[in-house]
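Chain by chain, the residues run as shown.
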Amino acid sequence: MLRLLLIVGLALVALGLITYRVNARPDAQLAAPVEQSVPFSHKHHVTDDGIDCRYCHTSVETSAFAGIPPLSTCMTCHSQIYTEAPVLRALVSAYRGGAALRWNRVHDLPDFVYFDHSIHIAKGVGCSTCHGRVDTMPLTSRVVSLDMQWCLDCHRTPEKYLRPADRIFDMRWQPAADQLARGSELKRGYRVRDERELTSCSTCHR
Amino acid sequence: MTSRPHPDSTLVFDRTQAEAARQAFWRGLDELDRSQIDSHAPAHEPVSWYRREFMKLMAASLALAGTPGCSRPPLEQIVPYREGPPESTYGKPVFFASAIARDGYGAGVLVETNMGRPTKIEGNPLHPASLGATDIFSQAAVLELWDPDRSQVVLNGKNVETWDRFVEALRARLAHAPDGAGLRILTETVTSPTLHAQLRRLVAKYPRARWHQYQPLNRDNVYAGTALAFGEPLEPRYAFGNARIVVSLDADFLGSLPGCVRYARDFAEARRTHAATMIRLYVAEGTPSLTGAMADEKRIVRSAEILRLAQAMARALGVGAAQPGAAVASDAWLDAAVADLLQHRGSALVVAGDRQPPAVHALVHAINQQLGNQGATIEYTTPVAFEPASELESMRELVAAMDAAQVDALLVLGGNPVYNAPADSGFGAALERIPWKAHLSLSRDETSARCDWHLPAAHVLESWSDIRAFDGTVTIQQPCIAPLYGGRSAHELLAEIAGETGTSGYDIVREHWQQKHGVAGFDAFWRDALRRGVIEEPSPLRRVAVLKPGLSIGVERVSDPNTIELVFAPDPTLGDGRHANNAWLQELPKPLSTLTWGNAAMISPALAQRLGVKTEDVVEIGVGPRRIEAPVWISPGHADDSVTVYLGHGRIRAGSVGTGVGFDAYALRTAAALWSASAVTLRPTGARFPLAATQTHDRMEGRDIVRLLTRDQANACAKGPCPPAGEAPVQATLYPPVAYEGYKWGMSIDLGSCIGCAACTVACQAENNIPVVGKSEVRRGREMHWIRVDRYYAGSPDRPRTLFQPVPCMQCEHAPCEVVCPVEASVHDAEGLNVQVYNRCVGTRFCSNNCPYKVRRFNFLSYTRDTPSLNAQRNPEVTVRMRGVMEKCTYCVQRISRARIDADKSGRRIVDGDVVTACQAVCPTQAIVFGDLNDPQSAVNQRKSSPLDYALLAELNTRPRTTYLPKVINPAAGSERA
């Protein structure tokens, strides 16, 4: 009896460990796009139509939250085109007063993390550094782990990722061979706070 | 948090200082009498644990502990706006200027809304009654808005109805009598210009309808007093900034008079300089109040004897109106006060309390006239209240008409008269006879339950209205959110009666002001009024008051000194009882007693000894045929032969929070004795009732904690060493030095300015999502407030001096909490904040154990319940903590972050004033100052540069960032109490 209990117990522990390992792998759930009620394509809107990020994410430079566009933004075009398209049914019906449109979050941080878009934009962190090539995504998925280690990588050595202010919204920007030198220069120019400050707990947690 | 005195606990500290301090200050009577020491130490409720049960629970916890850590956060959704509101940015708060009433008098506020949800109230710096600060009630108004116990439907008896059906029934009722015969409307004191205009219109339309006003905390005595002295009711208004000598006769101008937030600011400013112009405050009172605690010279006198004291003072000052005889014999207090008043003609001020009879007010006005204070320290305006008839009389007329069957329809707009009308008024019984009655209120309270129709009212943050402040300044109250439950305002209801169907509150208020202002330029005027939250209306008009010729005031009736008197006081945190369902206010330790969740009968130590009762013993209080039972609280500094009971408790229909908390003192309050009764019997019943006070929690064991200096001592400090003992020497340390080159946050708290009002505690609670824990948890010492206001007494229990000390986290540079945390959840950040990382905390509580200031708070249970409407109140910038996590004051790190990001984006440094902590913002007296210690010009550095600046328990070498300035008093020359 005792032996049976021991075996069952060990099996449970093993199962728990395996589940943990699988779920805690940073790239778990990365590849799969998050399902949405309207299959919105960034690729189409950004690459084909040439719409700037900020046309929809209006508060990205001023607020913690980049902003999700109000339905009226969608309807600036879609009141004219694809108005009856089946994929837009949820959008059009919500705009006409039907059930609210609900987007599933792709980039979600734990509630005890306080991320601010505006300061990152102001300090030379481009969209694609964290969100990847959204302009090539037919359906949006997360490309980075968003775990604390990933955040700290940049907070410890931001020079690896900083780019000039005029390239923030450039989805095709790639670090040059001498990025570290350029990044260090930019870091001074942007007056990015030092590692001790950027890795203080209170920088992100309150 | 619950420390028992260890026999060796003081050994490590400087003996001499500790001894000196131990003699001087005490926090509760139990400290003077060591035999009582355990009687109100936090209760250690026995917990029975059995080994098997423990193992079972532990096994289950272990099995469950792993699972939530395995996956990513649950899927969240974003619901976009249909059309974005034009004025708001996603993720940024929007502030609306409005005003919140206290007993009818408005004070300007700025309501912070996050994504359309009102979450926090700040004072409006442009509003004269606020100047940026608020009282506790304004702070708690957001919780009232989101209270899940608010009524959500129109009720007819027990049937759910609609507004349309109510309007139909109303019309049918009005059709009975087109001239309004039998229609009565009962309101509270009306200070809203629009509401008054509507009521006037209504009475014009229905000439036989009557409008009555009653609220339990009314200003009948004040208006009757001015009418007695000047021949017409006037509103006195005080200018403490111009005063040198202030005498309060039972007037709590710092804690409860209309305009008290502003008065507290003026008073504190005139005391902060320790120059010769520093105000000297004389107080005569029987029930300890916030104002009494600030007194330089206090005389403890029963409420009924204030009249004789005023008489004696008037006669000594040569006031002709005061008749001879019956005055009290003069004493040192009176002599000193009179001498000071005579020396400071034109810069003196005598104030009478709202509780005192009209004769005291009239005498006080005569004294102020005699001293030539009018125009300097006191001025008069026409009353702020519209048509200020005697409210007691108004209620009496109404009940008489109800009894005589002259009332067919009664509309009660707000208020709760069934609960708080005088006990002998018979209002409740007479109400039964009214065929048709409706009550508009926020929740289904005692009055609603007795009315046919209950109408859910719109909250002040949901509706349009306007209101006058103590000085007549008008604020348009604008809604910050649409009514949550379809409530309507009194304006909208009156419009229905007047036949203006479907008029919105917005139209009503706007139209009123458009008529008043005129069409030309009205839009600009309206926008400006809404944006600034202030309209300087020319009325109420300032008046030069002239004493009635031949004024003569005598003492009609001398109270029998051998009987016990009963004094009624509004509850310090619940007011007249309307806030009883507000958990923040229930759990807020009441200033002076530190009681939470209930009231008690306050008596002096001497009376307690005579009766043979201790704190928590139940006594039966009898006034004539009326009897109630109440637990006793022994209150140092209370007048002898006097017992004070606080109104506002013992509600039977307050809601899930407030129902049944405390005892109902209205049961003893009769029309003839609205504020005090004589010939009261007190009989110990032998029963005991547990009270939840925070008084002896977090005891600091008599070390040098609060400092008290006289003005002369304080001024001498600038030249020589400061008593007591001066700065503690900086001790050697093993820690490596840390340079803080960026920002270096610090705080200074001025004990001389702090009036102990506890606004900081509620403001912090609202800002930082601090839960309430309930009475039984408070009794275990588990209250969660991040900033507490400690209260110390000095001197004898009969005539103590009272000191208040707000204690937030000291943000030590050498923080004892950090070295004992096994998981580095308590660490320093680069700006010197001692931060608590909730997601690391595993709840060992070592940090709290090692904190000498006892400012850490532990979530022993899941105090934050998942109530949808309460979730909407939470500050989105602050983590909501879960069970098993330690928390504490963060210096409002979310506000620092916001300011830092804003400054960083525009490439500048944070300037002084960019970061204002919640406690600092709300403080009426600016006792709390916060800022960057690396900025030599910052206000906090100015404060800390004072030679009087001291750190709490500096001898521990914790190097706190929060330091204190001592309380400085200004006793009369030759006072033995210096």
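No experiment lies behind these values; they were computed from the predicted model shown.

1. Brief notes about the sheet that holds strand 39 (residues 962–965) of chain B
All names here are of chain B. In space, the three strands of this open sheet follow the order 38-31-39, with mixed pairing throughout. Looking at strand neighbours, the two that pair on one side only are strand 38 (928–932) and strand 39, the edges of this open sheet. Averaged over all adjacent pairs, the angle separating strand axes in this sheet is 20 degrees, with direction ignored.

2. A word on the interface of chain A and chain B
Listed as interface residues are 40 residues of chain A and, on the opposing side, 39 residues of chain B. Counting only elements with at least two residues in the side of chain A that touches chain B, the list comes to helix 1 (2–24), helix 4 (71–78), strand 1 (103–104), helix 6 (117–122), helix 10 (195–198) and helix 11 (201–204) of chain A. Broken down by element, the side of chain A that touches chain B gets its largest block of residues, five residues, from helix 1 of chain A. The residue makeup of the side of chain A that touches chain B, split by class, is 17 nonpolar, 14 polar and nine charged. Here strand 1 of chain A runs beside strand 2 (residues 77–78) of chain B; their pairing, made up of two bridges, is antiparallel. By the bridge assignment, Asn104(A) is partnered in strand 2 of chain B with Gln77(B).

3. Structural notes on the pairing of strand 11 (residues 245–249) of chain B
Residues and elements named next belong to chain B. Counting buried residues along strand 11, five of its five residues qualify, which places the element largely inside the surrounding structure. Crossover connection from strand 11 via helix 8 (residues 260–272) to parallel strand 12 (residues 280–285): handedness right-handed. Relative to strand 14 (residues 348–352), strand 11 is paired through five bridges, and the arrangement is parallel. Bridged to valine 246 within strand 14 is leucine 349.

4. Points about the environment of Arg688(B)
Residue and element names in this part refer to chain B. By secondary structure assignment, the location of arginine 688 is in strand 28 (residues 676–688). For arginine 688, a count of 14 C-beta atoms within 10 Å gives the class partly exposed. When the C-alpha atoms of arginine 688 and glutamine 323 are compared, they prove to be 47 Å apart, with 365 residues separating the residues in sequence. With residues near it in sequence (within four places) discarded, arginine 688 still touches Glu616, Asp617 and Val618.

5. Let's talk about the sheet that holds strand 18 (residues 453–456) of chain B
Whenever strands of a sheet pair, they do so through backbone hydrogen bonds, lying parallel or antiparallel. All names here are of chain B. Ordered in space as 7-6-18-17-16-8-9, the seven strands form an open sheet in which the pairing is mixed. Of all the strands in the sheet, just strand 7 (159–161) and strand 9 (210–213) have a single pairing partner and so form its edges. For this sheet the average axis-to-axis angle between neighbouring strands, irrespective of direction, equals 20 degrees. Examined bridge by bridge, strand 16 (residues 409–413) and strand 17 (residues 436–441) share five bridges and lie parallel to one another. By the bridge assignment, alanine 409 is partnered in strand 17 with tryptophan 436. Relative to strand 9, helix 13 (residues 391–403) is tilted by about 130 degrees, and along the sheet it contacts strand 8 (183–187) and strand 9.

6. Some words on helix 23 (residues 759–767) of chain B
Residues and elements named next belong to chain B. Most of helix 23 is tucked away, with nine of its nine residues classed as buried. What helix 23 keeps buried is the set Ala759, Cys760, Thr761, Val762, Ala763, Cys764, Gln765, Ala766 and Glu767. Where helix 23 terminates, the next one or two residues include asparagine 769, which has phi positive at roughly 55 degrees.

About the thresholds
Residues numbered from 1 in each chain as written. Chains lettered and ligands numbered in written order. Predicted model: local features only at pLDDT ≥ 70, side-chain atom pairs only at ≥ 80, totals over all residues. Pairing = 2+ DSSP bridges. Helix = DSSP H or I, 4+ residues; strand = E, 2+ residues; numbered from the N terminus. Axes fitted to C-alpha atoms, helices over the stretch in contact; angles between N-to-C directions. Contact = placed C-beta atoms within 7 Å. Nonpolar A, V, L, I, M, F, W, Y, C, P; charged D, E, K, R; others polar. Buried ≥ 20, exposed ≤ 12 C-beta atoms within 10 Å, placed from the backbone. Right-handed = clockwise from strand over helix to strand, strands pointing away.

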